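Here's the letter readout for the chains.
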Amino acid sequence: MEDTHSVKGLAHHFDDMEQQREAGTLGMWAFLITEIMFFGGLFMAYILYRSKYPEAFSSASGHLNWRLGAANTVVLIVSSLTMALAVYYSQTGNKRLLITMLVLTMILGATFLVVKGFEYHTKWVDHLIPGFGFEWHLAGDPQKVQMFYFIYFAMTGIHALHMVVGLGIMAVILRMAMKDRFTQTYHSPVEISGLYWHFVDIVWIFLFPLLYLLGAHEGH
Amino acid sequence: MEAIVDQPRVHYINKEYGVKSWLLTVDHKRIALLYLASVTLFFFLGGAFAVALRLELMTPQGDLMQAETYNRMFTMHGVVMVFFFLIPGIPAVLGNFLVPLMIGARDLAFPRLNLLSWYIYNVGAIFTLYAIISGGVDTGWTFYTPYSTTYSSSNVLLTGIGIFITGFSSILTGLNFIVTIHTMRAPGMTWFRLPLFIWSHYATSLIMILGTPVVAITVLLLALERIARVGIFDPALGGDPILFQHLFWFYSHPAVYIMVLPAMGVVSELIANFARKNIFGYKFVAFASMAIAVFGFLVWGHHMFTSSQSVYAGMIFSFLSFAVAIPSAVKVFNWTATLYKSSISYSTPLLYALGFIGLFTIGGMTGLFLAAAGLDIHVHDTYFVVAHFHYVMVGGTLMAYMGGLHYWWPKITGRMYPEGWAKFSALIIFVGFNLTFFPQFILGYQGMPRRYYAYPPEFQVLNVMSTAGASILGFGVLFPMVYFVWSMRYGKVPADNPWGAFGLEWQTSSPPPTENFKQTPVVTWEAYEFSPRDKMEILGLRGVEETKV
Amino acid sequence: MSEHIVSKKIYFLIFSALMVLTVLTVFVATLDLGRFNAIVALSIAVLKAMLVVLYFMHVRYSSKLTWAFVGAGFFWLAILFALTLSDYFSRPWLGQ
Ligand SMILES: [Cu+2]
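So, a few notes on the structure that sits alongside this text. Source: prediction; values computed, not measured.

So, about the overall build of chain A. Within chain A, the secondary structure is distributed over six helices and zero strands. Reading chain A from its N terminus to its C terminus gives the helix and strand order α-α-α-α-α-α. Principal-axis analysis of the C-alpha atoms places the extent of chain A at approximately 70 × 30 × 30 Å. For chain A, the proportion of its 220 residues judged to be buried stands at 61%. Across chain A, every contact between residues at least 6 apart in sequence was considered, and the portion connecting residues at least 24 apart equals 77%. Carbon and sulfur atoms make up 65% of the accessible area of chain A, which totals about 8300 Å². Once the 13 positive and 16 negative side-chain charges of chain A are each reduced to a mean point, those two points are 8 Å apart.

Glancing now at the side chain of Ser-425 of chain B. Within the secondary structure layout, Ser-425 of chain B lies in helix 14 (residues 419–446). Here Ser-425 of chain B is in contact with Tyr-352, Gly-476, Phe-479, Pro-480 and Tyr-483 of chain B, once residues within four sequence places are set aside.

What follows deals with the side chain of Ser-193 of chain A. All names here are of chain A. In this structure, Ser-193 sits in helix 6 (residues 188–212). When its relative accessible area of 5% is taken as the criterion, Ser-193 is described as buried. For Ser-193, the side chain forms a polar contact with the main-chain oxygen of Pro-189, separated by 2.3 Å. In contact with Ser-193, other than residues within four places in its own chain, are Ile-169, Met-170 and Ile-173.

What follows concerns the coordination of the copper ion. Ideal values differ by geometry: the angle at a metal is 109.5 degrees with four tetrahedral donors, but 90 or 180 degrees with six octahedral donors. All names here are of chain B. At the metal site, the copper ion is ligated by His-253 (ND1), His-302 (NE2) and His-303 (NE2), and these contacts range over 1.8 to 2.1 Å. Spacing between the donor residues of the copper ion along the chain follows H-x48-H-H. One end of the pair, His-253, is in helix 8 (residues 241–275); the other, His-302, is in the loop between helix 9 (282–295) and helix 10 (311–339), with 49 residues separating them in the sequence.

So, on to the pattern of salt bridges. Across all of its chains, the model carries eleven salt bridges over all chains by this definition. For Arg-450 of chain B, the salt bridge identified is with Asp-381 of chain B, shortest N-O distance 3.6 Å. With a gap of 69 residues between them, Arg-450 of chain B in the loop between helix 14 and helix 15 (460–490) and Asp-381 of chain B in the loop between helix 12 (373–379) and helix 13 (383–413) connect regions that are remote in the sequence. With relative accessibility at 36%, the residue Asp-381 of chain B sits in the partly exposed group. Between Asp-87 of chain C and Arg-91 of chain C there is a salt bridge, with the nearest N and O atoms lying 2.9 Å from each other. For the pair shown, Asp-87 of chain C and Arg-91 of chain C are each scored as buried.

Grouped together as the largest cluster of nonpolar side chains are 302 residues, with contacts concentrated most on Tyr-49 and Tyr-149 of chain A together with Leu-94, Phe-356, Tyr-401 and Trp-408 of chain B. In this view, Phe-356 of chain B contacts Ala-263, Met-264, Val-267, Trp-335, Thr-361, Gly-395, Gly-396, Thr-397, Met-399 and Ala-400 of chain B; residues no more than four positions away in its chain are not counted.

What follows deals with the interface of chain C and chain A. Between chain C and chain A, the residue contacts involve 48 residues of the former and 49 residues of the latter. For the pairing of chain C and chain A, the buried interface totals around 4100 Å² over both sides, and the portion due to carbon and sulfur atoms is 80%. Across the contact surface, chain C and chain A share one residue pair in polar contact (both at pLDDT 80 or more). Counting only elements with at least two residues in the side of chain C that touches chain A, the list comes to helix 1 (8–30), helix 2 (36–56) and helix 3 (64–89) of chain C. Considering only residue class, the side of chain C that touches chain A consists of 33 nonpolar, eleven polar and four charged.

Right, let's talk about the interface of chain C and chain B for a bit. Each side of the interface is counted separately: chain C has 13 residues, and chain B has 22 residues. Summed over both sides, the interface of chain C with chain B buries roughly 1600 Å², with 74% coming from carbon and sulfur. Of all residues in chain C, Trp-76, Leu-83 and Arg-91 of chain C give up the largest surface area on contact with chain B, accounting jointly for 35% of the area buried on that side. Counting across the chain C and chain B interface gives six residue pairs in polar contact (both at pLDDT 80 or more). The residue makeup of the side of chain C that touches chain B, split by class, is nine nonpolar, two polar and two charged.

Rules used in this analysis
- Residues numbered from 1 in each chain as written.
- Chains lettered and ligands numbered in written order.
- Predicted model: local features only at pLDDT ≥ 70, side-chain atom pairs only at ≥ 80, totals over all residues.
- Heavy atoms only, no water.
- Helix = DSSP H or I, 4+ residues; strand = E, 2+ residues; numbered from the N terminus.
- Buried < 20%, exposed > 50% of the residue type's maximum accessible area, 1.4 Å probe, protein only.
- Contact = heavy atoms within 4.5 Å.
- Areas by Shrake-Rupley, 256 points an atom, 1.4 Å probe, with all protein chains shown as cover.
- Lys, Arg positive; Asp, Glu negative; His and termini not counted.
- Charge placed at Lys NZ, Arg CZ, Asp CG, Glu CD.
- Polar contact = N/O pair within 3.5 Å; in protein donor to acceptor, adjacent residues only side chain to side chain.
- Donors = N, O, S within 2.8 Å, 3.2 Å for Na, K, Ca; no water.
- Salt bridge = Lys/Arg side-chain N within 4 Å of Asp/Glu carboxyl O.
- Core = buried A, V, L, I, M, F, W, Y, C linked by side-chain atoms within 4.5 Å.
- Buried area = accessible area lost by both parts, 1.4 Å probe.
- Nonpolar A, V, L, I, M, F, W, Y, C, P; charged D, E, K, R; others polar.

Here it is, written out as structure tokens:
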């Protein structure tokens, strides 16, 4: 037992690196299951009110800037690619490219948030914040449109919060990478945080069509 | 071997001293004790509210309090008991202590996450306490909308935040257990050699990680609606209160199993040990836990029979609710079959286990009455329902919690509780409990609605009986509080394995050392294998004897 | 025992597929297909999510246990949606 303490990155209560890696990965998956259910409640609300108030939802959705939404989708998919490559380079032990990929991932994540912030700002200017001087003069019952925006802000807001957390995790991983903490045999933190990052990407993959593209075919 | 005889043995309690060594500990055993302290505090707080309720209900008219106060009292009783005692109770205290010990691990998979979960619990608790002190909540523990989002002027927001936060401690505990049970079992500890306590905790953890996030987002939406006044649940604003009920009960029905599955795990251990044989139909009991966890998620609609649900949906939910009784019944039958013709020793823990079987059966059977939509519409929101779930939660969970605390007390503290006093208070609790809640079945059936501070005079006799029972029950739970504390200093020092039990947790010293086992145990025997010949052989193999001085 | 290293080629391939599907979903949204708009959009999203889960998140190369966990997550989500909606669909009087 004593000698295991000297293995780099191995916590005292695990027998070996394999067990530790397995536990970490499984733990992240279990956490992602809770995330699925967490967002699931929001999606349930979305499904219900969208089928109850289709016109209002479609008209409200048409007012979102789908170009920015699409741009952000691309940004996130690219960041998923760089994240996947970061894992690849951590597995092959290429420190320089690992750091490059992590930095790129973070830049893309930050870009997403900036675009999102810009969108939120526009909504603020247009008086589209639910409950805070909400105004609506286009097609659709304002009350129902406001519900769409409520769900929109709840979903994208919680998603953005996850992005912020993701950036924090990436910062920690980046620091560890720069401090030479990872080796070809020990890099599960990179992989595990990668799982989280990809999950947040998946949530957006659903949010984009559901929120932004609802009213697209009605033309503006 | 390293025989310095006079030196007291170092174990997890005396290894370090000082507040810091406790507040920053990552040892699952110490965290279990931290949880024990928090949970006990909330148990007595919730109990105090119950006393207030029963006092008010002694007389038909409102003399101790009026409706506004009474509404707050029963709400806070429910909130405190459900979210801060019943749900964390057995998993966070006994589970935390025992899961690694029972599977032969040195700790849970994520020790720091475990400590974090205790802190999260306490942060949530502080919010809730603050809500209570600054006026309380009056929505009922179910927070039904639109009352909770629009009309209630009590501290819904603060309480909601408290519950939201505490939910994450539950999620983290469940996550930790699942990963630990999957990845940290000792060599030879296969799935079907696991104690049934572990199976039931695995099933519980599944519910914790799959259900809790849904109630978290629901409470969050409720809070946002309250702040922004935008309809999600309030029909006047375009929302839908039925959606709230769906989302809330998606978690809160399975939450009943979060309370009762660990209790069933405890009872399995107690029965196997005191009957000194393997649980009859071990695999069935193990799978029954999993079946309860899965089927428990399909029945929540039975809380909405009177919400203008269609007969078709009502029939489906009714049928599924009946189905979920099957695995519970399997357990009860198998425990009984285990006891049949076995050499039973009637120690305190077994008394509690027997109490559990009887009371839980009544709670479960009356649950079937309620699952039948026709009858439910008659007794919906009456004291029949109140009595039913108290038979499950107090008669079930509390009994098993007490039984488990007594059984593992020598393991946890290295001291024995006083057997005579313990038997006496077990008896008092049993009598007090039945006197409190059995009359409520009758009251409910006669039509007394729940959640009212006043009632027609013809209900008084039964209500007085109930209040009398509650006072007996109250004394019954105070005794253990006193003698447990007393025993920590003055209790007899028992042998490492005072019950001659067979679980891995008993194959290390009591209290265990911080790392749990001197060497990683290798399991070569089946669960609850009580045959004496094998036992000696195995004990020899395990080399436990030589570590003792 | 040892982990599976997914080649860079596969990562880029999946990335291209995700990009193509993104363009596709935007394009389809501009057509008026009635209720099929939602169905197509969701199908594309599910397909994209599956690609990410299977390849970027390595589930395709992972243990049965990981498959079970992922499956459980989506299965329980399906329970939530299906039973809630079954109640709503059998309440015709709640519609418009
Ligand atoms: Cu229920």
